[in-house]
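Coordinate analysis (summary)
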Amino acid sequence: MRDVAIVGVSQTKFGELWEKSFRDLVVEAGIDAIRDANMNGEDIDAMYIGNMTGGLFVGQEHIGSLIAEHSGLTPIPATRVEAACASGGLALRQAIMAVASGYYDRVMAAGVEKMTDVVDATPAIAAAADREWEAQQGVTFPSLYAMMAKRHMYEYGTTREQIAGFAVLGHKNGALNPKAQFKREISVDAVLNSTKVASPLNILDCSPVSDGAAAIIVCPADEAYKYTDTPIYIRASTQASATISLHNRKSLTTIPSTIFAAKKAYDMANLTPKDMDMAEVHDCFSINGLIAIEDLGFFEKGKGGQAIEDGLIERDGDIAVNPSGGLKARGHPLGATGIAQAAEITWQLRQEAGKRQVSDATSGITLNIGGTGGTAAIHILSVDRK
């Protein structure tokens, strides 16, 4: 297996992008990534595209062919990857494995979603849950994560203010991200007084409906300096599965796929949670961000709320979490999120993150979750190969 490096990254603006179509977004991201890698389209050997549900959002399937055509990259193979909200993370993993195996040399991983072209995105998003036993019984994702929040509060004494603090952090960082959907700060009181969605979660605990795309180009590490002066090395790429349904979990306060994938990733990279300078975690709801920082091993189970309250996950804290603004503020176009997470870590490690730059960062981890944790994809990146 060959070592793999990231040599090009890009992200469109995330938000309600009425003036841009599904294909416009992914082509924009792909072209920008190719330019960032100092390549031409002819250099790309294959593409993997993360997309959760183009069929329900814009009535489009056969995504790989569509994108290959409109990006001018036919006849290279283009493959759609679907794993709910973790589609982007798995597209990146497929690209990494294709290069690591030696099957291809230069591969693009992209992710895209156009979510605002429907009146109500809820039925499409609910496809990431157990349709028969959850969605058809009236359960929505806010209510599923609300159950997790209530149980965490019950078992560990986590406060409502601590959960809200994760959303506040996202907006604080997102205010510094020019590509974020929400570039404004909020307060804990604003979260607590916002519209109730599913108790105890309010609207400001929830990630938005978003349009957007992101792209990454990977190649063999030994060839990376042909394309960039600052290659970012893939230290680990892992994936794990758990039950798609929440009611079949042994615990509502942890996501077992995260724990399994994280252990494999740390072992693969020969690193520990303490070696991570920053993390981009999947905070589709504020409680998921809190659970993530525990399941990734940054804090003991039940101590995540206090860590948020104590500022330990600020950009200058023990570990900088979601310097991009996360799903909450940067936005959450489902298929693009996992790619955007890795793009943010790449910009941070290149020291190209502007006002949201994490000082002296040399390593980072991404966690992309599908559904309530039925799928977890984790990547560890660093600026050196050791």
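The rules behind each value
- Residues numbered from 1 in each chain as written.
- Predicted model: local features only at pLDDT ≥ 70, side-chain atom pairs only at ≥ 80, totals over all residues.
- Heavy atoms only, no water.
- Buried < 20%, exposed > 50% of the residue type's maximum accessible area, 1.4 Å probe, protein only.
- Helix = DSSP H or I, 4+ residues; strand = E, 2+ residues; numbered from the N terminus.
- Pairing = 2+ DSSP bridges.
- Axes fitted to C-alpha atoms, helices over the stretch in contact; angles between N-to-C directions.
- Left-handed = near helix turned anticlockwise from the far one by under 90°.
- Contact = heavy atoms within 4.5 Å.
- Nonpolar A, V, L, I, M, F, W, Y, C, P; charged D, E, K, R; others polar.
- Expected span 1.5 Å × (residues − 1).
- Core = buried A, V, L, I, M, F, W, Y, C linked by side-chain atoms within 4.5 Å.
- Salt bridge = Lys/Arg side-chain N within 4 Å of Asp/Glu carboxyl O.

Here's the deal with the pairing of strand β1 (residues 4–11)
Taken across its eight residues, β1 has eight buried, putting it largely inside the fold. Note: β1 against strand β7 (residues 211–220), seven bridges, orientation antiparallel. Bridge pairing in β7 places A5 opposite C219. Note that β1 and strand β8 (residues 232–241) share two bridges and pair antiparallel.

Re the pairing of β7
Summarising burial for β7: 10 of the 10 residues are buried, a large majority. In this sheet, β7 lies alongside strand β4 (residues 107–114) in antiparallel orientation, the contact comprising eight bridges. The residue of β7 that forms the bridge with G111 is A214.

Structural notes on unusual backbone geometry
With an omega of 15°, the peptide bond between T74 and P75 qualifies as cis. By secondary structure assignment, the location of P75 is in the loop between α3 (63–70) and β3 (78–81). S199 connects to P200 through a cis peptide bond whose omega is 10°. Non-glycine residue N38 carries a positive phi angle of around 55°. Inspection of the secondary structure assignment puts N38 in the loop between α1 (22–36) and β2 (46–50). Taking relative accessible area as the criterion, N38 reaches 56% and is therefore assigned exposed.

What to know about the packing of α1 against α3
For the pair α1 and α3, the least separation of the axes is 10 Å and the interaxial angle reads 60°. Relative to α3, α1 is oriented so that their crossing is right-handed. Note on element contacts: α3 touches α1 through I63, L66, I67 and H70, opposite F22, R23, V26 and V27. When its residues are assigned to classes, the contact of α1 with α3 shows six nonpolar, one polar and one charged.

Some words on α1
The end-to-end C-alpha distance of α1 is 22 Å, a good match for the 21 Å that 15 residues give at a rise of 1.5 Å each. Here α1 has its buried residues at F22, L25, V26, V27, A29, G30, A33 and I34. Where the residues of α1 are buried, they touch β1, α2 (54–58), α3, β4 and β7. N38 sits one or two positions beyond α1 and adopts a positive phi of about 55°.

Focus on the nonpolar core
Core analysis: the largest hydrophobic core is formed by 57 residues, its most contacted members being Y145, I287, L296, F298, I313, I365 and I380. Within the residue set of this core, elements represented by two or more residues are α6 (141–156), α7 (160–174), β8, α9 (256–269), α10 (286–295), α11 (304–309), β11 (363–370) and β12 (375–382). A total of six residues in this core trace back to one element, the largest contributor, which is α6. When residues no more than four places from it in sequence are discounted, the contact partners of Y145 are L201, C284, F285, I287, N288, I369, G371, T372 and G373.

Notes on the pattern of salt bridges
For the structure on display, the rule yields 17 salt bridges. D205 is paired through a salt bridge with R160; the nearest N and O atoms lie 2.3 Å apart. With a gap of 45 residues between them, D205 in the loop between β6 (201–202) and β7 and R160 in helix α7 connect regions that are remote in the sequence. Neither D205 nor R160 differs from the other in exposure class; each is buried. For K172, the salt bridge identified is with E314, shortest N-O distance 3.1 Å. With a gap of 142 residues between them, K172 in helix α7 and E314 in the loop between α11 and β10 (320–321) connect regions that are remote in the sequence. The class of K172 is partly exposed, set by a relative accessible area of 34%.

The quantities given are spatial measurements derived from coordinates; they are silent on function.
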